[in-house]
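Observations on the model geometry
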Amino acid sequence: RTLFEGVAYLNLARQTKQAKWKILGEKAVTWMSQLESMSKWNFENKSKLLQAELHYLEGDLESAEAFYKASIKSAREHKFIHQEALACELYGIFCIENHVADEGTKQLHIALDKYKQWGAMKKADQLQIFIDLVNPTNLGRLKLV
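As a starting point, this report considers the structure included with it. Along every chain, residues carry numbers that run from 1 in the direction the sequence is written. Local features are withheld for residues below a pLDDT of 70 in this predicted model, meaning they are given only at 70 or higher, and side-chain atom pairs are given and counted only at 80 or more; totals for whole chains, interfaces and linings count all residues. For the side-chain quantities, the full set of heavy atoms in the structure was used; hydrogens and water were omitted.

Considerations on the packing of aromatic side chains
Only rings of Phe, Tyr and Trp enter the pairing, Trp through its six-membered ring, and a pair is recorded when the two centres are within 6.5 Å. The plane angle decides the type: under 30 degrees is stacked, over 60 is edge-to-face, the rest tilted. Under the definition given, this model contains 5 aromatic pairs. Judged by centre distance (5.9 Å) and plane angle (20°), the ring pair of tyrosine 9 and tryptophan 21 falls under stacked. Here the residue tyrosine 9 occupies a position in helix H1 (residues 2-16), and tryptophan 21 occupies one in helix H2 (residues 19-38), the gap between them amounting to 12 residues. Members of the aromatic cluster, connected to one another through ring pairs, are Tyr56, Tyr68, Tyr91 and Phe94. The criterion for a charge sitting over a ring is simple: Lys NZ or Arg CZ within 6 Å of the ring centre, and within 35 degrees of the ring normal. Stacked on the ring of phenylalanine 80, the Lys or Arg lysine 46 has its end atom at 4.8 Å from the ring centre. Numbered from the N terminus, helices here are DSSP runs of H or I no shorter than four residues, and strands are runs of E no shorter than two.

Some points on the packing of helix H3 (residues 40-57) against helix H4 (residues 61-77)
Where H3 meets H4, the closest approach of the two axes is 8 Å, and the angle between their N-to-C directions is 160°. In terms of orientation, H3 lies roughly antiparallel with respect to H4. The way H3 lies across H4 gives a crossing that is left-handed. On H4, the residues touching Trp41, Glu44, Asn45, Lys48, Leu49, Gln51, Ala52, Glu53, His55 and Tyr56 of H3 are Leu61, Ser63, Ala64, Phe67, Tyr68, Ala70, Ser71, Ser74, Ala75 and Glu77. Class assignment of the residues belonging to the contact of H3 with H4 gives a composition of 10 nonpolar, 6 polar and 4 charged. Lines fitted to C-alpha atoms define the axes, with helix axes restricted to the stretch in contact, and inter-axis angles between N-to-C directions lie between 0 and 180 degrees. Here is the rule for angles: anything less than 35 degrees is roughly parallel, anything more than 145 is roughly antiparallel, 65 through 115 is roughly perpendicular, and the remaining ranges are oblique. When the near helix sits turned anticlockwise from the far one by under a right angle, the crossing is termed left-handed; a clockwise turn instead gives a right-handed crossing. Note on definitions: a residue-residue contact is assigned when non-hydrogen atoms from the two residues lie within 4.5 Å. When residues are sorted by character, Ala, Val, Leu, Ile, Met, Phe, Trp, Tyr, Cys and Pro go into the nonpolar class, Asp, Glu, Lys and Arg into the charged class, and all the rest, Gly among them, into the polar class.

Some remarks on the pattern of salt bridges
What makes a salt bridge here is a side-chain nitrogen of Lys or Arg within 4 Å of a carboxyl oxygen of Asp or Glu, nothing more. Within this structure, the stated rule accounts for 13 salt bridges. Two residues, lysine 22 and glutamate 58, come together in a salt bridge whose shortest N-O distance is 3.7 Å. Here lysine 22 is found in helix H2, whereas its partner glutamate 58 is found in the loop between H3 and H4, with 36 residues between them in sequence. Residue classification places glutamate 58 among the partly exposed positions, given a relative accessible area of 43%. Exposure is judged per residue with a 1.4 Å probe applied to protein chains only, and the accessible area is read against the type maximum: over 50% gives exposed, under 20% gives buried, and values in between give partly exposed.

Comments concerning the packing of helix H5 (residues 81-97) against helix H6 (residues 101-118)
Where H5 contacts H6, the two axes come as close as 7 Å, and the packing angle between them is 160°. Relative to H6, the element H5 lies roughly antiparallel. Along this stretch, H5 crosses H6, giving a crossing that reads as left-handed. Listed contacts from H6 to Ile81, His82, Glu84, Ala85, Leu86, Cys88, Glu89, Tyr91, Gly92, Ile93, Cys95 and Ile96 of H5 are Ala101, Glu103, Gly104, Thr105, Gln107, Leu108, Ile110, Ala111, Lys114, Tyr115, Gln117 and Trp118. Its residues placed into classes, the contact of H5 with H6 shows 14 nonpolar, 6 polar and 4 charged.

Some words on the nonpolar core
Ranked by size, the top nonpolar core spans 35 residues in total, and within it Leu3, Leu49, Leu50, Tyr68, Phe94, Tyr115 and Leu127 carry the most contacts. Broken down by secondary-structure element, the contributors of at least two residues to this core are H1, H2, H3, H4, H5, H6 and helix H7 (121-134). Here leucine 127 is in contact with Glu89, Leu108, Ala111, Leu112 and Tyr115, once residues within four sequence places are set aside. Here, nonpolar core refers to any group of buried Ala, Val, Leu, Ile, Met, Phe, Trp, Tyr and Cys residues whose side-chain atoms link them within 4.5 Å.

Points about unusual backbone geometry
One non-glycine residue with positive phi stands out, namely lysine 17, at about 65°. Topologically, lysine 17 is positioned in the loop between H1 and H2.

So, the side chain of glutamate 44
Structurally, glutamate 44 can be placed in helix H3. What makes glutamate 44 buried here is its relative accessible area of 13%. In the analysis that follows, any N or O atom pair within 3.5 Å is treated as a polar contact, provided that within protein one partner can donate a hydrogen and the other can accept it, and provided that, for residues neighboring in sequence, both atoms belong to side chains. In terms of polar contacts, glutamate 44 uses its side chain to reach the side chain of serine 74, at 2.7 Å. Once you skip the residues sitting within four places of it in the chain, glutamate 44 turns out to touch Glu36, Ser39, Ser74 and His78.

Have a look at this one:
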């Protein structure tokens, strides 16, 4: 729960610029760091992902990128395919929002494959729609009403 709430809070803070969301996001980062100290195996990837989101919020893009990559690596090494998918998805969005579309699209496709491997077909379908929306080469295929 802490991971998903933290991601939501930090995204809300980035979108709305409201301090209350940043404070709640920082609390989630702190709590996840404490959990990581108790069980690196279970919580390292989650802690790194929240730290990436916090660095992104604070405009430290270089640190954000490093933490996204560390989260992906940790999730992969510990065989948390669903956490790897989420980290790739958020890193892909980060890249696209920061004008690195090729890497962003690559990460989103990796996330898509991981969600499918995990069996989260509905999530994979939703992500495919997002990929189609952000990929200029696919805009001609979309039927926007």
